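Below, each chain spelled out in residue letters.
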Amino acid sequence: MSVETLTPPLRQTEVFVPELVYFEPDALNYPKGQRIMEWAKQQGLPIHMTTSHNRITNLPGESDLEKYRIAKRTLVVGIRKTLKFDTSKPSAEYAIPIATGCMAHCHYCYLQTTLGAKPYIRVYVNTDDILKAAKQYIEERAPEITRFEAACTSDPVGLEHISGSLQELIEFMAKEPLGRLRFVTKFHHVEPLLTLNHNKHTRFRFSVNADYVIKNFEPATSSFSERITAAGKVAKAGYPLGFIIAPIIWHEGWETGYKQLLEKLKEALPEEATSDLTFELIQHRFTKTAKTVIQQRYPKTKLELDETKRKYKWGRWGQGKYVYPDEQATALREFITEQIFEKFPMAKIDYFT
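With an unreviewed UniProt entry as reference, the protein chain is termed Spore photoproduct lyase, source organism Paenibacillus rigui.

Judged by nonpolar contacts, the single largest core of 98 residues is most densely connected at Phe-243, Ile-245 and Phe-279. Excluding its chain neighbours within four sequence positions, the residues that come into contact with Phe-279 are Phe-243, Ile-245, Leu-262, Leu-265, Ile-340, Phe-344, Ala-347, Lys-348, Ile-349, Asp-350 and Tyr-351. Membership of the second largest hydrophobic core comes to 8 residues, among which are Leu-59, Ile-70, Val-76 and Tyr-120.

As a further point, take the side chain of Ser-91. Structurally, Ser-91 can be placed in the loop between β4 (87–88) and β5 (92–95). Given a relative accessible area of 8%, Ser-91 falls into the buried group. A distance of 3.3 Å separates polar atoms of two side chains, one belonging to Ser-91 and the other to Glu-149. The contacts of Ser-91, once residues within four sequence positions are left out, are Arg-147, Glu-149, Arg-182, Arg-205, Glu-280 and Tyr-351.

Burial analysis of strand β11 (residues 241–248) places 8 of its 8 residues in the buried class, the great majority of the element. Bridge count between β11 and strand β12 (residues 277–283): 6 bridges; the pairing is parallel. Pairing of Ile-248 across the sheet is with Gln-283, part of β12. Once you follow β11 into helix α9 (residues 254–268) and on to β12, the crossover reads as right-handed.

On inspection of all chains with the given rule, the structure shows 0 disulfides. No disulfide involves Cys-102; its nearest neighbouring cysteine sulfur is the one of Cys-106, lying 6.5 Å away. Free of any disulfide, Cys-152 has its nearest neighbouring cysteine sulfur in Cys-109, separated by 11 Å.

The geometry of an aromatic ring pair is captured by the separation of the ring centres together with the interplanar angle, meaning the angle of the planes. This structure, assessed with the given rule, holds 16 aromatic pairs. When the centroid spacing of 5.5 Å and the interplanar angle of 80° are considered together, the rings of Phe-204 and Tyr-239 count as edge-to-face. Taken as a pair, Phe-204 in strand β10 (residues 202–208) and Tyr-239 in the loop between α8 (224–236) and β11 lie far apart in primary sequence, 35 residues in all. In this structure, Phe-204 and Tyr-239 share a single accessibility class: buried. Between Tyr-312 and Trp-314, the aromatic rings sit 5.0 Å apart at their centres with planes inclined by 90°, giving edge-to-face as the arrangement. Using a relative accessible area of 37% as the deciding quantity, one classes Tyr-312 as partly exposed.

As a further point, take the confidence of the model for the protein chain. On average, the protein chain scores 93 in pLDDT, and the residues at 70 or more come to 96%. Below pLDDT 50 for its whole length, residues 1–9 participates in 19 contacts with residues either more than four positions away or in separate chains.

It is worth spelling out the sheet that holds strand β1 (residues 20–23) at this point. As summarised here, the arrangement of the 5 strands in space is β2-β1-β3-β7-β6, forming an open sheet in which the pairing is mixed. Two strands in the sheet have a free side with no partner beyond their single neighbour: β2 (47–49) and β6 (99–100). Both β1 and β2 contribute to a ladder of 3 bridges, which runs parallel. Along β2, the bridge assignment pairs Phe-23 with Met-49. Docked against the sheet, helix α1 (residues 31–42) engages β1, β2, β3 (74–78) and β7 (121–124), running at close to 155° with respect to β1.

Sheet strands line up and pair through hydrogen bonds in the backbone, either parallel or antiparallel. Strands sit in the order β4-β5-β8-β9-β10-β11-β12-β15 across an open sheet of 8 strands; the sheet is mixed. What marks the edges here is a single partner per strand, and that holds for β4 and β15 (348–352). Relative to β11, β10 is paired through 5 bridges, and the arrangement is parallel. Residue pairing for β11: Arg-205 is matched across the bridge by Gly-242. Contacts from helix α4 (residues 127–141) reach β5, β8 (146–149) and β9 (179–185), with the element oriented near 150° to β8.

The rules behind each value
In this convention, every chain numbers its residues from 1, walking through the sequence in written order. This being a predicted model, a pLDDT of at least 70 is required before a residue's local features are given, and a value of 80 or more before pairs of side-chain atoms are given or counted; all residues contribute to the totals for chains, interfaces and linings. Hydrogen atoms and water are omitted, and side-chain values are computed over all heavy atoms in the structure. We call a set of buried Ala, Val, Leu, Ile, Met, Phe, Trp, Tyr and Cys residues a nonpolar core when their side-chain atoms join them within 4.5 Å. When a residue's accessible area, from a 1.4 Å probe over protein chains only, is under 20% of the maximum for its type it is buried; when over 50% it is exposed; and in between it is partly exposed. Residues are treated as being in contact if the distance between any of their heavy atoms lies within 4.5 Å. Numbering of helices and strands starts at the N terminus; helices are DSSP runs of H or I of at least 4 residues and strands are runs of E of at least 2. By the criterion applied in these results, polar contacts are pairs of N or O atoms within 3.5 Å in which, for protein atoms, one can donate a hydrogen and the other can accept it, and in which residues neighboring in sequence qualify only through two side-chain atoms. For two strands to be treated as a pair, DSSP must find at least two bridges joining them. Orient the strands so they point away from the viewer, and a crossover whose first-strand-to-second-strand path over the helix runs clockwise is right-handed. Sulfur atoms of two cysteines make up a disulfide when they are within 2.5 Å. Two aromatic rings from Phe, Tyr or Trp, using only the six-membered ring of Trp, form a pair when their centres are within 6.5 Å; if the ring planes differ by under 30 degrees the pair is stacked, by over 60 it is edge-to-face, and anything between is tilted. As a per-residue measure, pLDDT tells how confident the predictor is, with possible values from 0 to 100. Axis definition: a line fitted to C-alpha atoms, over the contacting stretch in the case of helices. Angles run 0 to 180 degrees between N-to-C directions.

What follows is the structure in structure tokens.
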């Protein structure tokens, strides 16, 4: 079955339009800041000024939960002052910061805790500065190839119609012999990126999962059908393609769920998508802090957050996470790996964590 014959999704996921927009005054000194201002005016959005993209206060809402939901629909346009890039293992050498925050409501997302009290969405207008910093990182590691992950703190595809930042990064990396770009998305709005000169230096990845996980834990994202249709378009545009199955969640019928996921991928993807295909596998994990925040923000969640059913795994900086016990983790890894290689014998699994 080709991508064109997929059953159309029951709903069409619209592009993100915020309810409130804030600008740092200096952001309007940049062409991108001016463009976003014009776009916000055309949309008829309430526009406010702020001294810093890191300090947005007095958001409307009667309760903390209401304020959180409004914050997730608030766009803040500012300048990225910190140009020291964080590391981004195992997916890349560095995270390249073009945006922070996400409009989706994935219950399990680590941004729940890393963004803390600042869940609003920040877009940075000084892309030239960010790309100059990336160039320095590339030169420092020469002759090794340097990979940059653009989706560590956001879903940039969901913001591309506003920011245009991915286009700038893709075209920049196309000209860098030792530079590579990677990003992952749960959105299908890929059209602005299909005609770019990418020189195969950008790996375009989609986050996918079993139906149970998407249905219960991924509100405000594109449907599975929409994502896979978009993946076919991306492959036909010549981009290297990848899928992240994350978080892998142990649930009733998980074997059937993940088997069906891989079957759907095999049926839907065009031939050109399978020649250089990668998979990244990440089991569900959570911290004590994350559990508290998730239960506050999504009080009816079905997400399993029982520490007694988990193994405690120490991480960097002395902070640990609750992961599946070894026996469950091994079963998940072995089963999904087997399904991948059965259906995509040429694929590469980058890691399981």
